[in-house]
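What the coordinates show
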Amino acid sequence: TRCSTGTSHGKIILMGEHAVVHGEPSIALPFPAVEMTATVCEAKGPLTIDCSYYNGIAAEMPEILESMRTAIHSAMAELQVSDENLAISLASTIPAERGMGSSAAVSVALTRALFAYFDKPLNEATLLRLVNISEKVAHGNPSGLDAATASGDAPLFYIKGQPFEAFPLNLKAYLIVGDTGVTGQTKEAVSSIAAKLNGKNPQPYRDAISRLGTFALTAKSAIEANDPSQLGELMNQAHAVLSFLDVSSPDLDRLVSAARFGGALGAKLTGGGRGGCMIALARNRSEAEKIEEAIRQAGAIRTWIYQMGGTEDV
Ligand code: MEV
């Protein structure tokens, strides 16, 4: 049988989640430790989709399946093909709905697989435009950051409406990533912040969003100056502001505190929040391993250690 595949990977937002939706700067990193493959094969009859990957949460979150269908149909409309005689399957190691960009990664992989199957070139602008259609179904009001980071190889500095800026991570440090095991609620979190900004007393929330933007900008300088302590401090402050915006959760707070007690330079939630993953910063691998152990003790169901650019072990 004729088959084609498309791939993508996870993403970690270092700074600026949620604020990026409202025009503030953000920094995100590709996270190739977890990846997604979509396969499109020739078949007989109506379209079939094998998404066992999403089985556990599909019932709770119908918008996920809806966004997957939207991704397939947007790509097909662009390709001007019908969905007859195709079997699509997805295989993934990206935990679903845990702030690692799985919804964007699904759409990126599906779009790439369909374009490959129909032998049509796919440029970055078209890919991001198509993925944005299904991300609207998944998230309501996506900034575009997840799609760009899940499809590319470079860390990105991004302000909505401006071009993505590839951004070298010249920082001698390690990130520890911890999964609470609890499904996040990006769509609800994004819309609850929008409600606060449009509510009766928006000023404290506007200030919070602009502080998150300032942290992201300062973090960029801290990385350029190879100053992990300053970046860690900014991560701690960002977590406090994200908590004020009510997008943290008791599980996230517990892992963040455990990381700090375990010696992290800083720690915060990452991505949509209200569950999902947190990140912590360490100077070297042995400190990173101590922090990893601390967050496992505090209940992280999975952890990863991510070496940032230029690190040499000491
Ligand atoms: C979700 O991974 C990141 C958010 O900033 C939403 C977005 O940028 O679309 C919360």
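Computed from a predicted model, the values in this text were never measured in an experiment.

The positions UniProt marks with the feature "domain: GHMP kinase N-terminal" (unreviewed entry) are residues 77–149. Helix makes up 55% of residues 77–149 and strand 10%, with an end-to-end C-alpha separation of 24 Å.

This part covers the sheet that holds strand E8 (residues 266–270). With antiparallel pairing, the 4 strands of this open sheet are ordered in space as E8-E9-E7-E10. The open sheet is flanked by E8 and strand E10 (302–307), the only strands paired with a single partner. The sheet shows a mean angle of 20 degrees between the axes of neighbouring strands, taken without regard to direction. Summarising the sheet, E8 and strand E9 (residues 277–282) pair through 5 bridges and their orientation is antiparallel. Opposite threonine 270, over in E9, you have cysteine 277 as the bridge partner. The sheet strands contacting helix H8 (residues 228–244) are E8 and E9, and the helix crosses E8 at an angle near 45 degrees. Here helix H9 (residues 250–261) sits on the sheet in contact with strand E7 (174–179), E8 and E9, set at roughly 160 degrees to E8.

On to the domain arrangement of the protein chain, then. Domain boundaries in the protein chain define domain 1 (3–158) and domain 2 (170–307). Opposite the 28 residues of domain 1 that make contact, domain 2 presents 34 residues. Those elements that provide at least two residues to the side of domain 1 that touches domain 2 are strand E1 (3–15), strand E2 (26–42) and helix H4 (124–139). Partitioning the side of domain 1 that touches domain 2 into residue classes produces 15 nonpolar, 8 polar and 5 charged.

Before going further, it helps to examine the site of the ligand. As a matter of local geometry, the ligand sits amid 16 residues, with Glu17, Pro142, Ser143, Gly271 and Gly272 nearest to it. Those elements that provide at least two residues to the shell around the ligand are helix H5 (145–151) and helix H6 (186–197). Classifying every residue of the shell around the ligand gives 6 nonpolar, 8 polar and 2 charged. Three or more residues apiece are contributed to the shell around the ligand by two domains, here domain 1 (3–158) and domain 2 (170–307).

Residues shown with low pLDDT carry predicted positions that ought not to be read at fine detail. Of all residues in the protein chain, 96% have pLDDT values of 70 or greater, and the mean over the chain is 93. Of the two predicted TM-score estimates for the complex, the pTM is 0.94 and the ipTM is 0.98.

Below, the discussion takes up the UniProt feature "domain: GHMP kinase C-terminal" (unreviewed entry) in the protein chain. The residues that UniProt annotates with the feature "domain: GHMP kinase C-terminal" (unreviewed entry) are residues 220–299. Summarising residues 220–299: 59% helix, 14% strand, and an end-to-end C-alpha distance of 31 Å.

Turning to the pairing of E9, a few remarks are in order. With 6 of 6 residues buried, E9 lies mostly within the body of the structure. What you see with E9 is no split at all: Cys277, Ile279 and Leu281 on one side and Met278, Ala280 and Ala282 on the other are buried throughout. Judged from the 6 bridges that link them, E7 and E9 form a sheet pairing that is antiparallel. Looking at E9, one finds that isoleucine 176 is bridged to alanine 280. Between E8 and E9, which pair antiparallel one after the other, the connecting turn spans 6 residues, and glycine 271 there sits at a positive phi close to 85 degrees.

We now examine the nonpolar core. Grouped together as the largest cluster of nonpolar side chains are 93 residues, with contacts concentrated most on Ile176, Ala219, Ala259, Ala280 and Ala282. Among the elements that line this core, the one with the most residues is helix H3 (residues 102–117), at 10 residues. Lining this core are residues from two domains, each supplying at least three of them: domain 1 (3–158) and domain 2 (170–307). Here alanine 259 is in contact with Ile176, Ala264, Ala267, Ala280, Ile291, Ala294 and Ile295, once residues within four sequence places are set aside.

Our focus in this paragraph is the pairing of E2. In this structure, E1 lies alongside E2, joined through 12 bridges in antiparallel fashion. The residue of E2 that forms the bridge with cysteine 3 is cysteine 41. In the sheet, E2 pairs with strand E5 (residues 156–158) via 3 bridges, with the strands oriented antiparallel. Paired with alanine 28 across the two strands is leucine 156, which belongs to E5. Strand direction decides the pairing type here: E2 and strand E4 (residues 86–92), joined by 7 bridges, are antiparallel. Residue pairing across strands places methionine 36 opposite serine 92, the latter belonging to E4.

A few words now on the environment of threonine 5. Within the secondary structure, threonine 5 is located in strand E1. A count of 16 C-beta atoms within 10 Å places threonine 5 in the partly exposed class. For the pair threonine 5 and leucine 90, spaced 85 residues apart in sequence, the C-alpha to C-alpha distance is 9.6 Å. The contacts of threonine 5, once residues within four sequence positions are left out, are Thr37, Ala38, Thr39, Ala113 and Ala116.

Cut-offs and rules
- Residues numbered from 1 in each chain as written.
- Predicted model: local features only at pLDDT ≥ 70, side-chain atom pairs only at ≥ 80, totals over all residues.
- UniProt positions renumbered as here; feature names shortened; annotations may be inferred.
- Helix = DSSP H or I, 4+ residues; strand = E, 2+ residues; numbered from the N terminus.
- Pairing = 2+ DSSP bridges.
- Axes fitted to C-alpha atoms, helices over the stretch in contact; angles between N-to-C directions.
- Contact = placed C-beta atoms within 7 Å.
- Domains from an automatic or database assignment.
- Nonpolar A, V, L, I, M, F, W, Y, C, P; charged D, E, K, R; others polar.
- Near = placed C-beta within 6 Å.
- pLDDT = per-residue confidence, 0-100.
- Buried ≥ 20, exposed ≤ 12 C-beta atoms within 10 Å, placed from the backbone.
- Core = buried A, V, L, I, M, F, W, Y, C linked by C-beta atoms within 7 Å.

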